[in-house]
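# Per-entry structural report
Next come the chains, spelled out residue by residue.
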Amino acid sequence: MTSEISLDKVSADKSGEDTSLSSFSRYNGTDEISEDESKLDRMNIASALTGGFATDINVDQATINLGNQLMFMSIVILEIPSNILLQRVKPRKWMAGQVLAFGLVASLQIFVKNRTGFLISRLLLGLCESGYIPGAIYTLSTWYTKKELARRVAIFFFGMFGGNAISPLLATGILKLDQARGLRGWQWLFSLEGLFTISASISIFAFLPGSPENPRPLLWSGLVKFSPSEAQVLQERLQRDEQGNAPGAQGMHISLQVVWKTVSHYKRWPHFISTFAVFSTWSPLTTYTPSIMVSLGWERIEANSLAAVGAALALVFVFVFAYISDVTNQRGASVLGAQVCYLIALVVTRQVHPHVGQWSRWGLWTAANSLAVGYHATQNTWIQLNCPDPRERSIAIAMFVMSAISGLMVGTQYYQADDKPFYQTGLRTQIIMVSVGIMFSTIQLGIYIVHNTRVMVGKLVEDGNGKPSQIYVP
């Protein structure tokens, strides 16, 4: 997390962009670790299912799906209010408190005994997490320039998607503790990974920098050091990137009028519909891929290890598509390219799966998992780059996460018990939803291109508030 910055090195580069890639890159570290830990706690249910969790508490697959729905629903309900509170309380305090509460609830899942306890625990997990992801992403946007942002958002999502990869790997070892000290393997899983998350909250309190205006961490400045002149350089490079406008700030007052203006901005709604549709298909993959590996004939430990491969490869594709979008500045084309690749993987999996052997089937499911979220960080950055007002950007990010989490909530029902073991009907639903998402991404790209063309030929001069019409990033 060390971040010693040389003023001469930053000033030597006119744009500050190349130097910033190394100088400020470690800012992501604490956010990524905490998101990784919360992801472990949210998704370790998939590994717990292979360790007899559902049988021990006497619930069926429908209850597991309902519990996940309640968790995602509670995230959505408090997403925008949490993001407004984050601006008032400041990220260092609010995010650390959220992660601490999340870790405590996750650890207490070891005491779940029945259906009611399971549903309450999932609801509380969602309430504790609400607002964290949009708050963290918005905070990143206040530190990095437009050209750097997609890669930084991708690195942040490494925590989310990396947790999905690490969770089954950790489970392969933790589940071996079954019956140690009288606890089942899934109880060890919940307790240990919950403790990891609590430790992450301490790291946020200690090390997370405040803001470009006040970069000192909350508790200790021993590892992250910015002199006043270095902080000034950091602010100036952001101002240059904003072309004289005020850069994104923390601690803003976000009025209900700004919230309504952002929500009612219809030209950005295809972003959210596309995100809802495509991201919904990731939910059943994260929950049931380890169980599918068991159905393919592997033992519990092997199944969790093999399930981690696709999730790990997803990190590569997230970064690759983010890198392409940053280098080319073709945000819409990068999103569409990633979504089309995922659609192809799903179609091939559904058509070929019944006709091949064990390892080929594993390869198909691995391909689907690895391409499932390649577009996600780039879609988020695309939205941010088209929100010049930092207050509007903050709410738009919350709307993006709300649409994604709403999709996950719906997606929990795609894989049903009567469709086991390989969910052919569920795969068909996923193919339909990804196709819908691609259609709306195409519509979004078209809206931006048509709008920009009308501005360039003089047909659109002012927006509804009398300001010059915005040029969108297509």
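Whatever comes next refers back to the structure up there.
Residues numbered from 1 in each chain as written. Predicted model: local features only at pLDDT ≥ 70, side-chain atom pairs only at ≥ 80, totals over all residues. Heavy atoms only, no water.

Okay, the overall build of the protein next. A count of helices and strands for the protein gives 22 helices and 0 strands. By the burial criterion, 59% of the 474 residues in the protein qualify as buried. Look at the contacts in the protein between residues 6 or more apart in sequence, and 81% of them connect residues 24 or more apart. Total accessible area computed for the protein in this model is approximately 18200 Å², and 63% of it derives from carbon and sulfur atoms. (Helix = DSSP H or I, 4+ residues; strand = E, 2+ residues; numbered from the N terminus. Buried < 20%, exposed > 50% of the residue type's maximum accessible area, 1.4 Å probe, protein only. Contact = heavy atoms within 4.5 Å. Areas by Shrake-Rupley, 256 points an atom, 1.4 Å probe, with all protein chains shown as cover.)

Where helix α14 (residues 256-263) contacts helix α21 (residues 390-411), the axes come no closer than 9 Å and their chain directions differ by 55 degrees. Looking at the two axes, α14 sits oblique to α21. In terms of crossing hand, the pair formed by α14 and α21 is right-handed. Each of Val 258, Val 259, Lys 261, Thr 262 and Val 263 in α14 lies in contact with α21, whose residues at this interface are Arg 391, Glu 392, Ile 395, Ala 396 and Met 399. For the contact of α14 with α21, the residue count by class is 6 nonpolar, 1 polar and 3 charged. (Axes fitted to C-alpha atoms, helices over the stretch in contact; angles between N-to-C directions. Parallel < 35°, antiparallel > 145°, perpendicular 65-115°, else oblique. Left-handed = near helix turned anticlockwise from the far one by under 90°. Nonpolar A, V, L, I, M, F, W, Y, C, P; charged D, E, K, R; others polar.)

Let us look at the packing of aromatic side chains. With the rule as written, the count across this model stands at 14 aromatic pairs. A centroid spacing of 5.3 Å and a plane angle of 35 degrees characterise the contact between Phe 279 and Trp 282, whose relative ring orientation is tilted. Each member of the pair Phe 279 and Trp 282 is classed as buried. Taking the centre distance of 4.9 Å and the plane angle of 70 degrees together, the rings of Trp 298 and Trp 359 count as edge-to-face. Remark: Trp 359 occurs in helix α19 (residues 358-371) and Trp 298 occurs in the loop between α16 (282-295) and α17 (300-328); sequence separation between them is 61 residues. Through successive ring pairs, a cluster of aromatic residues spans Phe 53, Phe 118, Trp 186 and Phe 190. Positioned over the ring face of Tyr 144 is Arg 152, at 4.8 Å from the centre of the ring. (Phe/Tyr/Trp six-rings, centres within 6.5 Å; stacked < 30°, edge-to-face > 60°. Lys NZ or Arg CZ within 6 Å of the ring centre and 35° of its normal.)

This brings us to unusual backbone geometry. Along the chain, Lys 420 connects to Pro 421 via a cis peptide bond; the corresponding omega equals 0 degrees. Among the structural elements, Pro 421 can be located in the loop between α21 and α22 (424-456).

In this structure, Phe 53, Phe 157, Phe 161, Phe 279, Met 293 and Tyr 415 are the most contacted members of the largest nonpolar core, which totals 117 residues. Leaving out residues up to four positions away in the same chain, Met 293 has contacts with Trp 298, Ala 303, Leu 306, Ala 307, Trp 362 and Trp 365. (Core = buried A, V, L, I, M, F, W, Y, C linked by side-chain atoms within 4.5 Å.)

On the surface, a cluster of nonpolar side chains totalling about 540 Å² of accessible area is made up of Met 73, Ile 77, Leu 78, Ile 120, Leu 123, Leu 124 and Leu 127. Those elements giving two or more residues to the nonpolar patch turn out to be α6 (61-77) and α9 (115-129). The dominant element in the nonpolar patch, judged by the number of residues it contributes, is α9, at 4 residues. Along the chain, the position of Ile 77 falls in helix α6. Judged by relative accessible area, which is 55%, Ile 77 ranks as exposed. (Patch = residues over 30% accessible without salt bridge, like charges linked within 9 Å, V, L, I, M, F, W, Y side chains within 5 Å. Salt bridge = Lys/Arg side-chain N within 4 Å of Asp/Glu carboxyl O.)

Below, the discussion takes up the pattern of salt bridges. When charged atoms on two side chains of opposite charge get close, those side chains can pair. Under the definition given, this model contains 7 salt bridges. We note a salt bridge from Asp 178 to Arg 184, for which the minimum N-O separation is 2.6 Å. With a relative accessible area of 21%, Arg 184 lands in the partly exposed category. In the salt-bridge network here, residues are joined through shared partners; they are Asp 56, Asp 178 and Arg 184.

Between α16 and α17, whose axes approach to 8 Å, the crossing angle comes to 130 degrees. Judged on the interaxial angle alone, α17 and α16 are oblique. As α16 runs across α17, the sense of the crossing is right-handed. Here Thr 289, Pro 290, Met 293 and Val 294 of α16 lie close against α17, whose contacting residues are Arg 300, Ala 303, Asn 304, Leu 306 and Ala 307. Residues belonging to the contact of α16 with α17 are distributed by class as follows: 6 nonpolar, 2 polar and 1 charged.

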